[in-house]
Amino acid sequence: MENSSVQLNDLPDEILMMIFKKLHNITLLYSLSDVNIRLNKIVHDSIFTNRLTLANFVPSRLILQMYSPIYFAYPLSDLVLDRFCSHILSKIHQKVKWLDLESSSMERILLSTNYPNLVGIALYNIHLENAVHLFAGNIFACDSFALINTL
């Protein structure tokens, strides 16, 4: 076993799935989509694509240094968001069933592709009027949505 090395591609699919389940699905999709056909098949599995949280969260107790159940959402970096909107979402859009979004990037994400199997959306840090306009104006529709930390 001198100088032996095992690469990611050497591992069986079952082991890769076990490893990947321990990772955040947005990081996994961003990092491994379009690397090769085999990894695409694995990371585009519905286990990793049925619920996408396209926002970052910071517990308020870290910001205010006091206990609070409220979480503050902030957008993904422009680099990550660009890749998702231009490449990744169009490839997995039929598998997406739920989206967790924050207000500053939600319209871009929602309009980047069609989500035919979407059943719910959680919107964070959104003005109530914006949510009403987005859904009442038939720009976008789904079975249910939750407004969290509305402004």
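Predicted model, so just to flag it, every value in this text is computed and none were measured.

### What about the overall build of the chain?
Summing up its helical and strand segments, the chain has 8 helices and 6 strands in all. Helices and strands appear in the chain in the N-to-C order α-α-α-α-β-β-α-β-α-β-α-β-α-β. Within the chain, the fraction of its 151 residues that count as buried is 38%. In the chain, the proportion of contacts linking residues at least 24 apart, taken out of those at least 6 apart, comes to 50%. A total accessible area of about 9100 Å² is found for the chain, and carbon and sulfur atoms account for 56% of it.

### Section: the environment of Met106
Looking at the secondary structure, you find Met106 in helix α7 (residues 103–111). C-alpha separation for the pair Met106 and Ile126, spaced 20 residues apart in sequence, amounts to 9.3 Å.

### Regarding a nonpolar patch on the surface
There is a patch of nonpolar side chains on the surface, built from Ile15, Met18, Ile19 and Leu23 and spanning about 350 Å² of accessible area. Tracing the backbone through its elements, the reader meets Met18 in helix α1 (residues 13–20). Residue Met18 is classed as exposed on the basis of its relative accessible area, which comes to 53%.

### A closer look at the packing of aromatic side chains
On inspection of all chains with the given rule, the structure shows 2 aromatic pairs. With a centroid separation of 6.5 Å and 70° between ring planes, the pair formed by Phe20 and Phe48 is classed as edge-to-face. Of this pair, Phe20 sits in helix α1 while Phe48 sits in helix α4 (residues 46–49), placing them 28 residues apart in sequence. Pairing Phe57 with Tyr124 gives two aromatic rings, centres 4.7 Å apart and planes at 70°, and the pair type is edge-to-face. You can see Phe57 sitting in strand β2 (residues 56–59) and its partner Tyr124 sitting in strand β5 (residues 120–124), a full 67 residues away along the chain. Among the residues examined, Phe57 registers a relative accessible area of 30% and is labelled partly exposed.

### Describing the packing of helix α2 (residues 25–32) against helix α6 (residues 78–92)
Running from N to C, α2 and α6 point in directions that differ by 85°, and their axes come no closer than 10 Å. On the basis of their axis angle, the class for α2 and α6 is roughly perpendicular. Where α2 abuts α6, its residues Ile26, Leu29 and Tyr30 lie against Leu79, Val80, Arg83, Phe84, Ile88 and Ile92. Residue classes in the contact of α2 with α6 are distributed as 8 nonpolar, no polar and 1 charged.

### A few points about the confidence of the model for the chain
On average, residues of the chain carry a pLDDT of 83, and 77% of them reach 70 or more. At the low end of the mean pLDDT range in the chain sits helix α5 (residues 60–64), at 53; at the high end sits α6, at 97.

How each quantity is defined
- Residues numbered from 1 in each chain as written.
- Predicted model: local features only at pLDDT ≥ 70, side-chain atom pairs only at ≥ 80, totals over all residues.
- Heavy atoms only, no water.
- Helix = DSSP H or I, 4+ residues; strand = E, 2+ residues; numbered from the N terminus.
- Buried < 20%, exposed > 50% of the residue type's maximum accessible area, 1.4 Å probe, protein only.
- Contact = heavy atoms within 4.5 Å.
- Areas by Shrake-Rupley, 256 points an atom, 1.4 Å probe, with all protein chains shown as cover.
- Patch = residues over 30% accessible without salt bridge, like charges linked within 9 Å, V, L, I, M, F, W, Y side chains within 5 Å.
- Salt bridge = Lys/Arg side-chain N within 4 Å of Asp/Glu carboxyl O.
- Phe/Tyr/Trp six-rings, centres within 6.5 Å; stacked < 30°, edge-to-face > 60°.
- Axes fitted to C-alpha atoms, helices over the stretch in contact; angles between N-to-C directions.
- Parallel < 35°, antiparallel > 145°, perpendicular 65-115°, else oblique.
- Nonpolar A, V, L, I, M, F, W, Y, C, P; charged D, E, K, R; others polar.
- pLDDT = per-residue confidence, 0-100.

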